Each structure stands twice: as structure tokens, then as C-alpha cells.
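One letter stands for each residue in the lines below.
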Amino acid sequence: MLANGSLFTWLFQGTPLNIWRQLIWLIGLMFFIRYIRITDSWELKKIARNHGIIGYVIFIQALLTYAIYNFNVVRLGYAFWAYFFGLPFLLLPYLWVESGRKPQTFYNIFIILGLFLTIGLVIDFVSGGFFTRMFLVSVVSSSEGMLDDGRFCFLSEAPTTFGVYYSFCLFCTLYRLYISNSNAVKLILLFIAFSFIIGAWLTGSRQIVFALALVFSVSFVYYIGFVKDKKSYVLIGLVILLLIAPSIQSFLFSEKSYQERYSSESIEEDTRYSSWERGFKENVENVEVFLIGKGVALSQGQKALDTEYVGSHYENTYYSRLSEIGIIGIILLLIPIICLVRNWGRITFFNISLLSFFLSYIFISYISPNGSHQTTQMVIYLACGMYLKKDYYSII
């Protein structure tokens, strides 16, 4: 539901279920709190305790924000929900283990979900944006312009919000390929993995293309060069890639809109650089803002009244969080990665491939505000839970 948000927003608009995301989170949080009380997982309890401390600090900040800016309570509550949206999904890998199901099935689910997204994007491209127009533009009319630019998002809310989710589907596909003993299955999974990158290209989102290319290239090079210990194959593969690059480029740039979107001129004209410079100056160089922020929900326009002040997200998740709640917001964004580093252990394909996935999250968070999107936070905490149970999910 979360990955296909525009569909359910379209279905539930004008009904009490238009808060379906909040309901999912609330139900998940109730299960999480109950599980924490009975689990013997020290690591899970520690994460829950740290989130509780951070939540208490943000609550104090919200009271100060209300006193200073007089933001409405719904806006403050929405921001609090957004900050902690991913936490309940930390529990899902644990529940999967306790259900007795095979880890291969877990990976298969996300392979299918990623393939579903890819097929949808291809159909959207061929049909000139049928799904995007029906389920997104009909709800958000301002989205019509992106179809003119050849950008599609199938059932999602924007062509950029599902990048980390897509990267997670790719990670699951590559790891399933790694543990498979059948060459035929490996070939099919490799084709599926390539199809995800093609699907990313059809979104017109440079950040998603780069994120998936990062996960694929890091995982593939490590697999060939270190797992199989055939480093010469990596060099041969690079030579072949260079030879066929013109044909690939000709295919990918067959549409004029993609020529413009992915051209070097388009990248150079991107105005995000000035937003990042402003974000650094206003939120990092200013020590007071860096430590405590300016106010909860400041950069989020959701649920803001017309008379309320809305700050800037600086085209950057980190600067946006700094402007709101200071350094504690950065810590909250990076808790899953801190867990990865603290529990690293020995170098394995599972560790390296999952690390490349987290790097895609760091990258997307830096060049856009999408690191704080609900779909992103869902899979980041899902991956964190998998890593905490890596003895189960890292099948050798």
C-alpha cells in the first residue's frame, strides 16, 4: 500500500480512510510496543529506548514550537508521525523469523513487488502515462507537467519517492541470485535486476537511476571479484560494457524527453546546488540551529494552515531535519546505519550488498528531501531489522 500510495489515496479520498497511512503506523506501533515488552532481544530494546528518549526531546521541542510559531496541533502531530514512521517496520523481520517461514520466501516477495513496479512503469511509458494520469494527476492536478517531460511513477505519489524502496527490491533480487544453486534461476534473476534499472530510467529520476546502479554495480563487482575470485572477469565485463555503451545510450535516449532530462546540460543547470549551499549556511554554520533546530514541522508544508509559516526543505533531507529539530534529527535518520556499523562483523556478500543499499539511502537523502518519505523509512527500518537477524537472513 505504501509503495503504491497514489492508488490508495485515490481510492480513499473523501472517506474516513484517507488517513490510512497513519492507521497503518498506529497499528504497527501498538504491535511494536507489545513485542518490546516480551522480547529478549537486547538490541531491539535498546533501539526502542533510544527512540523513546528522542521522542521525549522532540515533544519538548514541539511545545516550544507551538509557543513560538503557534503551529496547529495537527501539523505538529503529522511531523511527529513522519519522524518515527519507520520504527514499527523494524519488527517485521523478527515476526517473519518467528513464523517459521523460509528466508527465501521473504526475498521472493520483494522481488515480485519490484517486478510489479517495473512492469507498471513500462506499461505507463507505453501508454503515455495511463496509471500516473488516473491515480496521481486526478488527485494532484499540478503533477500533469511531469507527463510532458516523459516522467512516470505508476501507482506511486511521485517519480522520486520510491527510489530507496526500489533499491531494496534490487538488493533482495541480487541476494536471492547469490544464494540460488540453479544457473537458470540466476539468469532469470539477473534479467529481473536489469529490468529494475530500466524501470528507474522511465521515471526520469536521476537519483533513482544512480541509486539502483550503485547497488547493482557494488554487489555485482564484489560477487564476481571476491566471492568467485575472478577479478579478470570484472575487467572483461567493463571492456564489454564500454564496447556496447553507444548502443545502450542510443536505446536509453530514444525519447527526446530523456535526452533533455539526463543530459549533462540539464545536470549543470540543476538549481539544487544553490539550495544545498543555503542549507549548509543556515543550518550547519549556525550553531544554535545545528544543535536544536528552529521548530518542529518547520520545513513540512503538510497540514499547515494558510496563515502559518513554512520553511524550506533545501532539496536535502539532512538540512531539512536540521532546520526543524537540529542534530537529533540527523541521528534519527541514521539510527539504522549506526546499527549496521555497530554489528558489522566479517565481510560477506550480504553485508556488502546491504551496505550498498544503505549508501543509496544516504545519497538520495542528500540530494533530495525523499529520505524522510514514509516509503523510504519503511524499507530502511525493514533492512535494519533484517540485519539484526542476519544469522537468519544471510543464508550462506
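No experiment lies behind these values; they were computed from the predicted model shown.

Here is what the cut-offs are and how they apply
All residue numbers refer to positions counted from 1 along the written sequence of the respective chain. In keeping with the model being predicted, local features are shown solely for residues with a pLDDT of at least 70 and side-chain atom pairs are shown and tallied solely at 80 or more, while totals for entire chains, interfaces and linings include all residues. The basis for every side-chain value is the complete set of heavy atoms in the structure, and neither hydrogens nor water enter the calculation. Helix and strand assignments come from DSSP, with helices taken as H or I runs of at least 4 residues and strands as E runs of at least 2, each series counted from the N terminus. Each residue's exposure class comes from its accessible area (1.4 Å probe, protein chains only) as a fraction of the maximum for that residue type: buried when under 20%, exposed when over 50%, partly exposed otherwise. Here a residue-residue contact requires only that any non-hydrogen atoms of the pair lie within 4.5 Å. We get accessible surface area from the Shrake-Rupley algorithm with a probe of 1.4 Å; when it comes to residues, only the shown protein chains can shield them. We call Phe, Tyr and Trp rings a pair once their centres come within 6.5 Å, taking the six-membered ring for Trp, and we label the pair stacked below 30 degrees between planes, edge-to-face above 60, and tilted otherwise. Any Lys NZ or Arg CZ found within 6 Å of a ring centre and within 35 degrees of that ring's normal is scored as a charge over the ring. Note on geometry: axes are C-alpha line fits, over the in-contact stretch for helices, and angles between N-to-C directions span 0 to 180 degrees. Orientation categories follow fixed angle ranges, with anything under 35 degrees roughly parallel, anything over 145 roughly antiparallel, 65 to 115 roughly perpendicular, and all other angles oblique. Definitions for this section: a left-handed crossing has its near helix turned counterclockwise from the far helix by less than a right angle. A right-handed crossing has that turn clockwise.

A. The overall build of the chain, seen in detail. Broken down by element type, the chain carries 21 helices and zero strands. By residue count, 52% of the 396 residues in the chain fall in the buried class. Expressed as a percentage of contacts within the chain between residues at least 6 apart in sequence, the contacts between residues at least 24 apart total 75%. Counting only carbon and sulfur atoms, one obtains 67% of the accessible surface of the chain, whose full area is about 19,000 Å².

B. Expanded view of the packing of aromatic side chains. Taken as a whole, this structure holds 36 aromatic pairs when the rule is applied. Arranged with centres 6.0 Å apart and planes meeting at 40°, the rings of Phe 168 and Phe 171 form a pair that is tilted. In this pair, Phe 168 and Phe 171 are both assigned in helix H9 (residues 163-179), three residues apart and thus about one turn of the helix distant. You can call Phe 171 buried: its relative accessible area is 0%. For the cation-ring pair, Arg 75 lies above Phe 71, with the distance from its terminal atom to the ring centre recorded as 3.8 Å. The ring of Trp 96 carries the charged tip of Arg 101 above its face, separated from the ring centre by 5.4 Å.

C. Up close: the packing of helix H10 (residues 183-202) against helix H11 (residues 206-227). Put simply, H10 and H11 touch, their axes get as near as 8 Å, and they point 155° apart. If you check the angle between H10 and H11, you find them roughly antiparallel. Crossing handedness for the pair H10 and H11: left-handed. On the side of H10, the interface is formed by Lys 186, Leu 190, Ala 193, Phe 194, Phe 196, Ile 197, Ala 200 and Trp 201, while H11 contributes Ile 208, Val 209, Leu 212, Phe 216, Phe 220 and Tyr 223.

D. Structural view of the packing of H9 against H11. The N-to-C vectors of H9 and H11 enclose an angle of 20°; their axes lie 9 Å apart at closest approach. In terms of orientation, H9 and H11 fall into the roughly parallel class. Note on packing geometry: the crossing formed by H9 with H11 is right-handed. For the pair H9 and H11, contact is made by Gly 163, Tyr 166, Ser 167, Leu 170, Phe 171, Leu 174 and Tyr 178 and by Ile 208, Ala 211, Leu 212, Val 215, Phe 216, Ser 219, Tyr 223 and Val 227, respectively.

E. Molecular detail of unusual backbone geometry. For Asn 70, which is not a glycine, the phi torsion comes out positive at approximately 60°. Within the fold, Asn 70 resides in the loop between helix H3 (42-69) and helix H4 (73-83).

F. Molecular detail of the environment of Val 209. Here Val 209 is to be found in helix H11. The spacing of Val 209 and Ser 167 is 42 residues in sequence and 9.5 Å in space, taken between C-alpha atoms.

Limitation: the analysis is restricted to geometry and does not speak to function.
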